[in-house]
Amino acid sequence: MKYKVVCEVSFPSFERTLDITIPVNKSVLYVCELLNKIIQENISASYIPKKESILINKRTGQIYDKNVLVKTTDIRNGTKLAFY
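Let us look at the structure shown here. (Residues numbered from 1 in each chain as written. Predicted model: local features only at pLDDT ≥ 70, side-chain atom pairs only at ≥ 80, totals over all residues. Heavy atoms only, no water.)

Structural notes on the side chain of Asn36
- As for its placement among the helices and strands, Asn36 is situated in helix H1 (residues 28–43).
- Dropping the residues within four chain positions of it, Asn36 is found in contact with Tyr47, Pro49, Lys50, Ser53 and Phe83. (Helix = DSSP H or I, 4+ residues; strand = E, 2+ residues; numbered from the N terminus. Contact = heavy atoms within 4.5 Å.)

Given below as structure tokens:
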């Protein structure tokens with residue numbers, strides 16, 4: 001069983017796209033917090049995380065519920081996501 005997937009995550013407000021390893025046994029909320037941390041460390045140190053941030057599948061437009069585990073979603077290797 002795979003424990004992580006590599007996804008292409010776009011950050012539209014920063015006009016950046018990164019390949020990010022996402023753990024499948026964690027919640028979408030955890031992934032959003034991870035992405036907030038990645039923004040602060042790698043893109044903009046002055047970024048202030050928002051509680052209402054969302055993770056979206058770029059192909060289907062689906063907004064992921066923050067309370068579900070990544071492995072129960074359609075997020076797989078190569079999935080293109082957007083983080084707002």
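From this point, the discussion proceeds with the structure in view.
Topic: the sheet that holds strand E4 (residues 80–83)
- Strand order across the open sheet formed by 4 strands is E2-E1-E4-E3, with mixed pairing between neighbours. Two strands close off the open sheet at either side, each with one partner strand: strand E2 (16–23) and strand E3 (55–57). With direction set aside, neighbouring strand axes in the sheet form an average angle of 35°.
- Examined bridge by bridge, strand E1 (residues 4–11) and E4 share 3 bridges and lie parallel to one another. Across the sheet, the residue bridging to Val9 is Leu81, located in E4. (Pairing = 2+ DSSP bridges. Axes fitted to C-alpha atoms, helices over the stretch in contact; angles between N-to-C directions.)

Overview of the environment of Asn36
- The class for Asn36 is buried, based on a relative accessible area of 8%.
- Taking the C-alpha atoms as reference points, Asn36 and Lys50, 14 residues apart in sequence, are found 8.2 Å from one another. (Buried < 20%, exposed > 50% of the residue type's maximum accessible area, 1.4 Å probe, protein only.)

Observations regarding the packing of aromatic side chains
- Under the defined criterion, the tally for this structure stands at 2 aromatic pairs.
- For the ring pair Phe11 and Phe83, a centre distance of 6.1 Å and an interplane angle of 80° mean the geometry is edge-to-face. Residue Phe11 is found in strand E1, and its partner Phe83 is found in strand E4; the two are separated by 72 residues along the sequence. The exposure classification of Phe11 matches that of Phe83, with both residues buried.
- Each ring, one from Phe14 and one from Tyr47, has its centre 5.7 Å from the other, and the planes form 70°; the classification is edge-to-face. Of this pair, Phe14 sits in the loop between E1 and E2 while Tyr47 is found in the loop between H1 and E3, placing the two residues 33 residues apart along the sequence.
- Exposure remark for Phe14: the relative accessible area of 26% places this residue in the partly exposed category. (Phe/Tyr/Trp six-rings, centres within 6.5 Å; stacked < 30°, edge-to-face > 60°.)

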